[in-house]
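Residues per chain are reported as follows:
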Amino acid sequence: MKRKTAAAILSFCLLLSLSGCSFASFDTKNLMAPPKVNEDQQAIQELLQGDRPDIAFVYPQSGEYRSAVTMVDFTGDGIKDAVGFYSSEAGNSGGVEVQFLIKTENGWESAATFQNSALQVDRVCFGTLSQTGHNLILIGWGSTAGTTGRTAGANAYVYSPGGEITEYSLGTYAELAVTDFDEDGIHEVFTVDKFLPAEEEGDEPTPARAKLFAWVGGSMKEISCADADNSMAGYSSAAFGGLTASLSGVVLDGVKADGSLSTQIFTLEDGKLKNFPEDVNTEEYSNPFLRPSTASILSRDINGDGLLEIPQVSLLPGLPEETMPDATCYQVDWCRLQSSSQYRVVTRTMMNPTENYWFRLPYSLTGGITSYNDTSRRMVTYTEIIEAPDQDGSYLLSEPLFAIRVFTRSAWESRGPTSGYELLATQNDSVYGIQVFTKNKFRLQSISQIKRDFKLLSE
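Small disclaimer: the values here were computed from a predicted structure and weren't measured.

Rules and cut-offs
Residues numbered from 1 in each chain as written. Predicted model: local features only at pLDDT ≥ 70, side-chain atom pairs only at ≥ 80, totals over all residues. Heavy atoms only, no water. Pairing = 2+ DSSP bridges. Helix = DSSP H or I, 4+ residues; strand = E, 2+ residues; numbered from the N terminus. Axes fitted to C-alpha atoms, helices over the stretch in contact; angles between N-to-C directions. Contact = heavy atoms within 4.5 Å. Core = buried A, V, L, I, M, F, W, Y, C linked by side-chain atoms within 4.5 Å. Buried < 20%, exposed > 50% of the residue type's maximum accessible area, 1.4 Å probe, protein only. Phe/Tyr/Trp six-rings, centres within 6.5 Å; stacked < 30°, edge-to-face > 60°. Lys NZ or Arg CZ within 6 Å of the ring centre and 35° of its normal. Arc of directions from axis to C-beta. Salt bridge = Lys/Arg side-chain N within 4 Å of Asp/Glu carboxyl O.

1. Brief notes about the sheet that holds strand S11 (residues 209-216)
Reading across the sheet, the 4 strands line up as S9-S10-S11-S12 and stay open at both edges, with antiparallel pairing between neighbours. Unpaired on one side and paired on the other, strand S9 (175-179) and strand S12 (219-227) mark the two borders of the sheet. Taking each pair of neighbouring strands and ignoring which way they run, the sheet shows an average axis angle of 20°. Pairing analysis gives 8 bridges linking S11 to S12, with the strands arranged antiparallel. Counted as the bridge partner of Ala214 is Lys221 from S12.

2. Things to note about the sheet that holds strand S19 (residues 343-352)
By definition, the strands of a sheet pair up through backbone hydrogen bonds, in either a parallel or an antiparallel sense. Sheet architecture is open: 5 strands sit in the order S17-S18-S19-S20-S26, paired in antiparallel fashion. Each edge of the open sheet carries a strand with a single partner, namely strand S17 (310-315) and strand S26 (455-456). Sheet topology places strand S20 (residues 357-360) next to S26; 2 bridges connect them, and they run antiparallel. For Trp358, the partnering residue across the bridge sits in S26 and is Lys455. Helix H4 (residues 441-453) contacts S20 and S26 of the sheet and is inclined by roughly 135° relative to S20.

3. Some words on the nonpolar core
Counting residues in each nonpolar core, the largest one holds 33 residues, and the members touching the most others are Met351, Tyr357, Phe359, Tyr382, Phe402 and Ile404. Looking at this core, the elements that each hand over two or more residues are strand S18 (330-337), S19, S20, strand S22 (379-387), strand S23 (395-408), strand S25 (430-436) and H4. A total of 4 residues in this core trace back to one element, the largest contributor, which is S23. Here Phe359 is in contact with Arg348, Thr349, Met350, Tyr382, Phe402, Ile404, Ile450, Asp453 and Phe454, once residues within four sequence places are set aside. In terms of nonpolar packing, the next biggest core, distinct from the first, is built from 21 residues, Val83, Phe100, Phe126 and Ile165 among them.

4. Brief notes about the packing of aromatic side chains
Inspection of every chain in the model, using the stated rule, returns 20 aromatic pairs. On the numbers, 6.1 Å between centres and 70° between planes, the contact of Phe74 with Tyr159 is edge-to-face. With Phe74 in the loop between strand S1 (69-72) and strand S2 (81-87) and Tyr159 in strand S7 (residues 153-159), the pair connects residues that are 85 residues apart, well separated along the chain. With relative accessibility at 2%, the residue Phe74 sits in the buried group. Among the aromatic residues, those joined into a cluster by ring pairs are Phe74, Phe100, Phe114, Tyr157 and Tyr159. Over the aromatic face of Trp412 sits the side chain of Arg415, whose NZ or CZ is 3.6 Å from the ring centroid.

5. What about helix H2 (residues 39-49)?
Side chains of residues three or four places apart in an α-helix project in the same direction, reflecting 3.6 residues per turn. Buried within H2 we find Gln41, Ile44, Gln45, Leu48 and Gln49. Each buried residue of H2 sits inside an arc of 120° when the element is viewed along its axis, so together they form one side. Once H2 finishes, Gly50 follows within two positions and takes phi at roughly 60°, a positive value.

6. A closer look at the pairing of S9
Extensive coverage of S9 is indicated by the burial of 5 of its 5 residues. Of the two faces of S9, the one lined by Glu175, Ala177 and Thr179 and the one lined by Leu176 and Val178 are each fully buried. Two strands pair when backbone bridges link them, and S9 and strand S10 (residues 188-192) are joined in this way by 5 bridges, in the antiparallel orientation. Within the sheet, the bridge partner assigned to Glu175 lies in S10 and is Val192.

7. A short note on unusual backbone geometry
Omega for the peptide link from Phe276 to Pro277 comes to 0°, which places this bond in the cis form. Structurally, Pro277 can be placed in the loop between strand S16 (272-276) and S17. A positive phi is found at Glu183, a non-glycine position, where the angle reads about 55°. Here Asn281, not a glycine, exhibits a phi torsion of approximately 70°, which is positive. Take Asn281: it is sitting in the loop between S16 and S17. Asn281 gets classed as partly exposed once you look at its relative accessible area, which sits at 36%.

8. A few points about the environment of Pro161
Looking at the element boundaries, Pro161 is found in the loop between S7 and strand S8 (165-172). Sequence separation between Pro161 and Thr132 is 29 residues, and the spatial gap between their C-alpha atoms is 7.3 Å. The residues contacting Pro161, other than those within four sequence positions of it, are Thr132, Gly133 and His134.

9. As for the pairing of S11
Alignment of S10 against S11, held across 4 bridges, turns out to be antiparallel. Paired with Val192 across the strands is Ala210, a residue of S11. Linking two consecutive strands that pair antiparallel, namely S11 and S12, is a turn of 2 residues; a positive phi of about 60° is found at Gly217 within it.

10. Details of the pattern of salt bridges
Inspection of the entire model under this criterion finds 14 salt bridges. Note that Arg291 and Asp253 form a salt bridge whose closest N and O atoms lie 3.1 Å from each other. With Arg291 in the loop between S16 and S17 and Asp253 in strand S14 (residues 248-256), the pair connects residues that are 38 residues apart, well separated along the chain. This pair shows no difference in class: Arg291 is buried, exactly as Asp253 is. Beyond isolated ion pairs, a larger network of salt bridges with shared partners links Asp122, Arg123 and Glu175.

Below, the structure written as structure tokens:
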């Protein structure tokens, strides 16, 4: 029995170390030695396992927290608590249980356990619901994949100051986010679901809807809703953040059935959820942020100013007819809302999301370059173009200006001194280099600016 217990604890600890749990004894310097089991880990293991002979952990599939056991202070007392996910019946399809564990003066205690019929956990998020100690654990159960995405359900688990944890169902969703629209430190929950066609003849279809939930009158309640785009087949991301210095919102990137992308921006005005662009699902609706499947670029804070920008793409001029466009074949204009109904371009860029880089496009080159992506060599060549003399809308290629190439670290180190590439950045085993072809002093000034503005999408 002692051997079985030790083996179970060892397996539990190894799972935690691989899943990103922040137990201090699991760091890289300890991976070559047997892990040390401390009292906290043993107590958590025993509480989660209960009287079962074995326990099958379940890992959230998306979001910031991907561990089967997440350590976070959901009680607000400054001490980390634990949220553990595991199969209700190990080895069987009996759903998933979540157990909330709290550390007290007397040790670890189980505060509450809830069972869900879903076979997986989509994500877990945390927030604050009131200034009186009501805190949020938001769990997305199931999966948002599939034609309707209605197999996923959001549940709010509210910790009250007295130690009670109460479960609230927030309905189905295709994407969700924890928000703070008025920036008072008190969070809401934003959910959006997709269009659901009628199941049988004579039934009404269910339109896509965005909903906002908040802690009101001692319970979680829907406080506002708005129409969402019925043409979205799925969502790629929902980012909440600043849109202007005084306006916050949810920037929702969606994917249509043909693979094209579109962005909706949800704001809260006078207590009502509002969707921009307006007139969604009407004949008058036009979304300026529609982009083809070949330009799979998501909204983000591209320039690091703390505000979210939305991509607007245009195909580069002068591309050869046989070119199969990818993301490097588009100029990407990043837009920012000026109000809840107006936007402007704040920066123009060239992007290569496959190779994880981008750079700001100098004004002097805007509309005046085209690209060729040699994926086998991991190299994009940028060439200056001029309009054809007959002005029929065609272009003539001028001289190549520069090329950006990605090397492996060993290939970069083994290249000769006359290779012609200048170092731009390094990341893990990737080395980014630029080779300049032009001798034109004005173009060289623009390329110097590109070198300064070269950035990696994810550090």
